[in-house]
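Topology and contacts: notes
Residue-level listing of the chains:
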Amino acid sequence: MHDDIARMAQHLAPRGGERLAGTAGELARPVLAVGSSMPVGELEVVFRSPDVGCVVVEDDAGGRTGIITRAGLAAALTGRLGYGRAVLERRPAATVTDWAPLVVDPATRVPDVATRAMARSGEHRYDDVLVTGRTWAAAGTADIMRSLVAALAERATHDPLTGLPSRQATRHALARRCELVRGSGTRVVVVLFDVRAMAALNARHGQEVGDLVLSGLASRIVELLPRGCEAGRVEGDRFAVLATLPSLDDLHAAASAEMVRQHLLSGLATPAVHAGRQVWPALHSAVVWSVAGSADPDELLGTAEARLAQDAVRAGMPA
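These lines cover the structure that appears in this document, whether it is placed above or below. (Residues numbered from 1 in each chain as written. Predicted model: local features only at pLDDT ≥ 70, side-chain atom pairs only at ≥ 80, totals over all residues. Heavy atoms only, no water.)

Quick look at the side chain of D237 now. Summarising the element assignment, D237 is placed in the loop between β9 (230-235) and β10 (238-245). Sequence-distant contacts of D237, that is, excluding residues within four places in its chain, are made with F193, D194, V195, M198 and L214. (Helix = DSSP H or I, 4+ residues; strand = E, 2+ residues; numbered from the N terminus. Contact = heavy atoms within 4.5 Å.)

Before going further, it helps to examine helix α10 (residues 207-224). Along its 18 residues, α10 runs 26 Å from first to last C-alpha, staying within 8% of the 26 Å computed at 1.5 Å per residue. What α10 keeps buried is the set G210, V213, L214, S215, G216, L217, A218, R220, I221 and L224. (Expected span 1.5 Å × (residues − 1). Buried < 20%, exposed > 50% of the residue type's maximum accessible area, 1.4 Å probe, protein only.)

Relative orientation of the contacting elements helix α8 (residues 167-181) and helix α12 (residues 297-315) amounts to 120°, with a least axis distance of 9 Å. Comparing the axis directions of α8 and α12 gives the class oblique. Residues R167, R171, L174, A175 and C178 of α8 lie in contact with α12, whose contacting residues are P297, D298, L300, L301 and E305. (Axes fitted to C-alpha atoms, helices over the stretch in contact; angles between N-to-C directions. Parallel < 35°, antiparallel > 145°, perpendicular 65-115°, else oblique.)

Looking now at the packing of aromatic side chains. Under the defined criterion, the tally for this structure stands at zero aromatic pairs. Sitting over the ring of W289, R307 keeps its end group 5.7 Å from the ring centre. (Phe/Tyr/Trp six-rings, centres within 6.5 Å; stacked < 30°, edge-to-face > 60°. Lys NZ or Arg CZ within 6 Å of the ring centre and 35° of its normal.)

In the Ramachandran plot, A197 falls in the positive-phi region, its phi being about 55° despite a non-glycine side chain. Note that A197 resides in the loop between β8 (187-195) and α9 (198-205). For A197, a relative accessible area of 39% corresponds to the partly exposed category.

Let us now look at the sheet that holds strand β2 (residues 33-35). Read from one edge to the other, the open sheet built from three strands follows the order β2-β3-β4, with strand pairing classed as mixed. Both outer strands of the open sheet, β2 and β4 (65-69), are each paired with one neighbouring strand and no more. Strand-to-strand twist in this sheet, taken as the mean axis angle between neighbours without regard to direction, amounts to 35°. As paired elements, strand β3 (residues 54-58) and β4 share five bridges and run antiparallel to each other. Among the inter-strand pairings, V55 is bridged to a residue of β4, identified as I68. (Pairing = 2+ DSSP bridges.)

A word on the environment of A173. Within the element layout of this structure, A173 appears in helix α8. Judged by relative accessible area, which is 6%, A173 ranks as buried. Taking the C-alpha atoms as reference points, A173 and P297, 124 residues apart in sequence, are found 9.5 Å from one another. Non-local contacts of A173, meaning those with residues more than four positions away in its chain, are made with E230 and L242.

As enumerated under the stated definition, the model contains 13 salt bridges in all. Note that D112 is salt-bridged to R109, the shortest N-O span being 3.5 Å. According to the relative accessible area criterion, D112 is partly exposed, its value standing at 36%. One salt bridge connects E223 with R220, and the closest N-O pair in it is separated by 3.5 Å. Placement of both E223 and R220 in helix α10 is noted, with a separation of three residues, approximately one turn of the helix. Taking relative accessible area as the criterion, R220 reaches 12% and is therefore assigned buried. Salt bridges here are not isolated pairs; linked through shared partners, they connect R167, E235 and E305. (Salt bridge = Lys/Arg side-chain N within 4 Å of Asp/Glu carboxyl O.)

A few words now on the nonpolar core. Core analysis: the largest hydrophobic core is formed by 29 residues, its most contacted members being V189, V191, F193, L217, F239, V241 and L268. At the level of elements, β8, α9, α10, β10, α11 (250-268) and β11 (283-289) are the ones that each hand at least two residues to this core. At six residues, the largest contribution of residues to this core is made by α10. Other than its neighbours up to four places away in sequence, F239 contacts T162, L164, V191, L192, F193, L214, L217, A218, I221, G232, R233 and V234. Counting 17 residues, the second-largest nonpolar core is a separate cluster that includes L174, C178, A295 and L308. (Core = buried A, V, L, I, M, F, W, Y, C linked by side-chain atoms within 4.5 Å.)

Laid out in structure tokens, this is it:
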């Protein structure tokens with residue numbers, strides 16, 4: 001089940017570094033506004049553009065705002081007996097306008113918009129939602145629902161504190177990398193980082209400071225990630241970084257994997273902006289890499305965790 005959600009999250013994730021839309025204003029697009037006296041025949045010409053999904057209708061007498069959707073206009077022009085166009089062509093747009101559209105503020109959260117949209121009657125349930133502002137805008141119901149599903153998938157697969165993929169999502173990403181190296185000369189690398197004495201840090205400075213440290217570490221890891229790598233929060237104070245090495249012999253593969261660990265460890269030694277040096281922690285770390293052309297996610301994680309525990313023992317403290 002979780003793998004299915006992880007695949008959905010990956011499929012629905014915004015491209016190009018965009019973030020998920022959280023409000024109606026982030027989903028809405030500008031929409032044309034027309035007067036209620038415009039003849040339906042002229043209105044039909046407006047809808048010839050494939051980019052026009054709906055228009056706002058402003059009552060010429062004032063006080064009302066309505067909407068005409070492409071589907072609504074098509075249904076009206078078809079008419080029950082097929083005479084709709086002949087009857088309506090010269091009539092004002094007001095005759096085919098829905099004068100009770102769903103209108104929301106730009107700051108309205110997407111889940112709230114989706115709930116209100118789905119509460120409409122069946123005839124108008126999938127109409128666009130009007131969004132107020134300096135000029136009118138509209139958000140398509142399909143875009144609203146897609147954004148809602150994407151947000152739910154994101155929430156199910158990502159850690160709420162750091163925004164990094166969860167342990168299960170990271171495990172899914174590792175399994176995917178392992179599948180991709182099969183039969184090739186490439187290798188999968190796993191680097192683990194664990195905060196030293198996290199419990200003591202929380203006890204001394206408080207849970208809020210501890211959360212700031214963890215979120216700061218996560219942000220720094222993301223900043224330091226070499227191209228093609230990905231990170232996740234796999235335990236309360238433990239982070240993983242996944243990488244794929246090109247075709248290398250054993251000696252150079254070991255050196256390259258260690259370079260990834262050292263690069264990250266060196267960068268993580270500098271405190272985040274919002275965390276002073278007095279609370280910035282030291283880290284346990286470990287790195288493992290697969291043989292060329294074959295990788296098992298459970299074996300890699302197990303070996304990495306065992307090496308992480310050994311690093312803690314050498315430091316004279318628990319991981």
